[in-house]
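Fold and geometry: a report
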Amino acid sequence: MKQVKDIFIIDDDPMQSMMLQDYLSKYSTFTIHVYNSGEEALKHLDINPQIIFLDYNFDKAGADAMDGVEILKELKQHIPLTEVVMFSGQDKIEVAVNTMKYGAFDYIVKSESAFHRSENVIFNIIKRMKLQGEATMYKKLTYSLGIALLLVIIIAIWLYKTGNISDNPGWI
Amino acid sequence: MAKETDLTFLESFTGGNPEKMKKYMNMFIQMCPGQLTLMSDHLKNQNYDQLRAAAHSLKPQITYMGIKRGEGLVKEIEHMAAEKRDVEKLPDMLSEFSNICNMAVAELKERIV
């Protein structure tokens, strides 16, 4: 997962969803999918979004609706590589800590600065994805070099044992 | 008389695009009265948890429409309902908040025309 293509917005407040969708629509590379409940979003996980903006409270969606943390847990179980950013009207630190505990990438308070912060969070996630991609590549490279070195040593020992090479290099 | 709404944020958010501004103002005009009725019903039924939830969901929209007098009030209603504290004050507070919101809706309607 090296680039952001699909973004989910899960919020029961249509104005908040529309404002965020409009704000992010300046980036034509993103396809934004809006859902007004967690239940609805969970039906579309085959899209495999890279980022999800998820509301913390789903009071408007009805008493039986899953709350933000329940949805977060489901999302992390089904699509663990997807980064989930929580949105809430509450600026309580306990709420933020609670969401982070269940694997949220960040927590944004719904305010005038929320949209700009969302944009910054997307760039932070992209940056992290690139770094993770590079780290994986270097890990593979190191592993391959290790295997190659081991093979050279094994061949050298085998040649030595079979007498095909000697201790005495030809130029001495 | 001082205005209840301050559309500085909305203007900046939409880049001054009148159509986009109209879209958001219309959404608020459509949603706000229903939310106020809901809050009032919950208060009548002494359903403070639902009152808190309704106040909470209206809060960001109040902020985006720049309804400064309403912002503090809705926060206070939310907290008092959550803690079920000073509940006897809630009817007056909700009435004041509803008046502010109704004036804001009227202002926005005028602006759209």
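Residues numbered from 1 in each chain as written. Chains lettered and ligands numbered in written order. Predicted model: local features only at pLDDT ≥ 70, side-chain atom pairs only at ≥ 80, totals over all residues. Heavy atoms only, no water.

So, the overall build of chain B
Filter applied, for reference: Helix and strand assignments come from DSSP, with helices taken as H or I runs of at least 4 residues and strands as E runs of at least 2, each series counted from the N terminus. Partly exposed residues are those whose accessible area sits between 20% and 50% of the maximum for their type, while under 20% is buried and over 50% is exposed, using a 1.4 Å probe and protein chains only. Two residues qualify as a contact provided that any one of their heavy atoms is within 4.5 Å of a heavy atom in the partner residue. Residue exposure ignores everything except the shown protein chains as possible cover, and the areas themselves are Shrake-Rupley values with a 1.4 Å probe. By the counting rule applied here, Lys and Arg register as positive and Asp and Glu as negative, while His and the ends of each chain are not counted. Think of each charge as sitting on NZ of Lys, CZ of Arg, CG of Asp or CD of Glu.
What chain B contains, in helices and strands, is 5 helices and 0 strands. Counted from the first residue to the last, chain B has its helices and strands arranged as α-α-α-α-α. Across the 113 residues that make up chain B, the buried fraction comes to 50%. Within chain B, contacts between residues separated by at least 24 positions form 64% of all contacts whose residues are at least 6 apart in sequence. Surface summary for chain B: the accessible area is close to 5,700 Å², and the carbon and sulfur share equals 49%. Charge separation in chain B, taken as the distance between the mean sites of 15 positive and 16 negative side-chain charges, equals 5 Å.

Some words on the sheet that holds strand β4 (residues 83-88) of chain A
Residues and elements named next belong to chain A. This is how it is decided: When DSSP finds at least two bridges between two strands, those strands are taken to pair. The convention used is that axes are lines fitted to C-alpha atoms, helices contributing only their stretch in contact, and that angles between N-to-C directions extend from 0 to 180 degrees.
If you trace the 5 strands from one edge of the open sheet to the other, you get β2-β1-β3-β4-β5, paired in parallel fashion. The open sheet is flanked by β2 (31-35) and β5 (106-109), the only strands paired with a single partner. Averaged over all neighbouring strand pairs, the angle between strand axes comes to 20°, with direction disregarded. Running over the sheet, helix α1 (residues 14-24) touches β1 (6-10), β2, β3 (51-55) and β4 and is turned about 180° from β2.

Regarding the environment of G68 of chain A
All names here are of chain A. Relative to the helices and strands, G68 resides in helix α3 (residues 68-78). G68 sits in the buried class, given a relative accessible area of 0%. The sequence separation of G68 and S118 amounts to 50 residues, and the corresponding C-alpha distance is 17 Å. Leave out the neighbours within four places in its chain, and G68 touches L54, D55, Y56, F58 and M86.

Focus on the side chain of R52 of chain B
Tracing the sequence through the fold places R52 of chain B in helix α3 (residues 48-64). The contacts of R52 of chain B, once residues within four sequence positions are left out, are D59 of chain A together with E78, A81 and A82 of chain B.

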